[in-house]
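What the coordinates show
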Amino acid sequence: MIKNVSVIGAGTMGNGIAHVFAQTGHPVVLIDISAAQLDKALQTIAKNLDRQLAKGVITVHQKEATLQNITTETDIGKGVAAAQLVVEAATEQEALKLELFGKIDAAAPPGCILATNTSSISVTKIASVTKRPGQVIGMHFMNPVPVMKLVEVINGYATHTTVSDTIIALSKKLGKIPALANDYPGFIANRILMPMINEAICSLYEGVAGVEAIDTIMKLGMAHPMGPLQLADFIGLDVCLSILNVLHSGFGNPKYAPCPLLVNMVHSGKLGVKSGEGFYTYTPGTKELIVSEKFR
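Numbering of residues begins from 1 in every chain and follows the order in which that chain's sequence is written. For a predicted model such as this one, the threshold for reporting local features is a pLDDT of at least 70, and the threshold for listing and counting side-chain atom pairs is 80 or more; totals across whole chains, interfaces and linings nevertheless cover every residue. The basis for the side-chain values is all heavy atoms of the structure; hydrogens and waters are excluded.

1. What to know about the UniProt feature "site: Important for catalytic activity" (unreviewed entry) in the protein
UniProt positions are given in the numbering used here, feature names are shortened, and annotations may be inferred rather than shown by experiment. Cross-referencing UniProt, the feature "site: Important for catalytic activity" (unreviewed entry) maps to H140 in the present numbering. One can find H140 in strand β6 (residues 136-141). The contact criterion used throughout is that any non-hydrogen atoms of two residues lie within 4.5 Å. Those residues within four positions of H140 in sequence are excluded, and the remaining contacts are T116, N117, T118, S119, L150, V151, E152, I154, A189 and N190. Segments assigned H or I by DSSP are reported as helices when at least four residues long, segments assigned E as strands when at least two residues long, and all are numbered from the N terminus.

Right under this line is the structure:
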């Protein structure tokens, strides 16, 4: 039974993952090289717990217990020393993840399961830099983690069945719904989602329709809670481009080639919500959707 959990990376995904584990009674060590980022993550978790408290989802006692379950660490070796499960949630860069998993493997206890929150990078390749490939698995949470129910569980080529079964059972204990996939480019979520987003961008690029029309058609016609262009902004256009490049490279199929408009936007620093502008412009403190001046 997994109790002690270490989460590597204190960004949006990492703090969300730490939140859900801590809220379900797991002692969590949240690890990041930046002490300032760790402080920011704890503040974010506290704010999200306050939202849950205001909605009556949790009690004051549960909020306090969740925060008490989280400790922070800037040293990977110390942070994973007592872990039964390590969940890596660092930036979606292959070289970085391979470097991290080499360090995690060297420091984590022999029976510890190593999971990656990657949304597209090969779990098998990540496992190949460790001495325990059978204990490496993908555990792809969705953003925002405390709200979204899905966990995409990805078996690497060598992942043991017992490890997969353990992670599926654990995901259910977190209140999530696990869905199992095998390790091929984009897995399931992004293999289907990213071509849709890319096609929406191509439709804009080719002048078929405007930003609002494309998103409205998909929201009202297909019952999507968010249009594909707004969703791309939310995910991050740089992340979308990175995943499409993985799909294009992995399958060698031109249907996965990223739209030139997406490439240009990323090169121009227009990354969506994180940069303040993508297909829409974003102003702190307001939820109003305003189409970027570039596309009006």
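So much for the structure itself; the text now carries on.
2. Thoughts on the UniProt feature "domain: 3-hydroxyacyl-CoA dehydrogenase C-terminal" (unreviewed entry) in the protein
The feature "domain: 3-hydroxyacyl-CoA dehydrogenase C-terminal" (unreviewed entry), as annotated in UniProt, sits at residues 186-282 in this numbering. In residues 186-282, helix accounts for 62% and strand for 2%; the two terminal C-alpha atoms are 28 Å from one another.

3. A short note on helix α10 (residues 228-235)
Burial classification: accessible surface area is computed with a 1.4 Å probe over protein chains only, and a residue below 20% of its type maximum counts as buried, one above 50% as exposed, and the rest as partly exposed. Counting buried positions along α10 yields six of eight residues, so the element is predominantly enclosed. Of all the positions in α10, only P228, L229, Q230, L231, A232 and D233 are classed as buried. Close packing links the buried residues of α10 with α8 (189-205), α9 (211-222), α11 (237-251) and β9 (280-281). Just beyond α10, the residue with positive phi is G236, at close to 110°.

4. Focus on the packing of α8 against helix α12 (residues 260-267)
Here an axis means a line fitted to C-alpha atoms, over the contact stretch when the element is a helix, while the angle between two N-to-C directions is reported on a 0 to 180 degree scale. One can describe the packing of α8 onto α12 by two numbers: an axis separation of 8 Å at closest approach and a directional angle of 95°. The angle between α8 and α12 falls in the class roughly perpendicular. The segment α8 lies against α12, with N198, I201, L204 and Y205 engaging P260, L261 and L262. Three residue categories are used. Nonpolar comprises Ala, Val, Leu, Ile, Met, Phe, Trp, Tyr, Cys and Pro, charged comprises Asp, Glu, Lys and Arg, and polar comprises the others, including Gly. Taken together, the residues of the contact of α8 with α12 sort by class into six nonpolar, one polar and no charged. Any angle that falls under 35 degrees is termed roughly parallel, while one over 145 is termed roughly antiparallel, one within 65 to 115 roughly perpendicular, and all others oblique.

5. Describing the side chain of E152
The topology assignment puts E152 in strand β7 (residues 150-155). Working convention for charge: Lys and Arg count positive, Asp and Glu count negative, and His plus the chain ends are omitted. Salt bridge, as used here: a side-chain nitrogen of Lys or Arg that lies within 4 Å of a carboxyl oxygen of Asp or Glu. R191 is the oppositely charged side chain nearest to the buried, salt-bridge-free E152, at an N-O distance of 10.0 Å. The term polar contact refers here to a pair of N or O atoms within 3.5 Å; inside protein, the definition further demands a hydrogen-donor-capable atom paired with an acceptor-capable atom, and it admits residues adjacent in sequence only when both atoms are side-chain atoms. Here the side chain of E152 touches I188 through a polar contact of 2.8 Å, landing on its backbone nitrogen. When residues no more than four places from it in sequence are discounted, the contact partners of E152 are G138, M139, H140, M142, A179, A181, F187, I188 and A189.

6. A look at the sheet that holds strand β3 (residues 70-73)
Sheet architecture is open: eight strands sit in the order β3-β2-β1-β4-β5-β6-β7-β8, paired in mixed fashion. Of all the strands in the sheet, just β3 and β8 (177-182) have a single pairing partner and so form its edges. Neighbour to neighbour, the strand axes of the sheet diverge by 25° on average, direction disregarded. Note on pairing: DSSP must find at least two bridges between two strands before they are called paired. In terms of strand pairing, strand β5 (residues 113-116) meets β6 through three bridges, oriented parallel.

7. Considering the pairing of β5
Going residue by residue along β5, you find I113 and A115 tucked away on one face and L114 and T116 tucked away on the opposite face as well. Bridge analysis of strand β4 (residues 85-88) against β5 gives four bridges, and the strand direction is parallel. Looking across to β5, one finds that E88 is bridged to T116.

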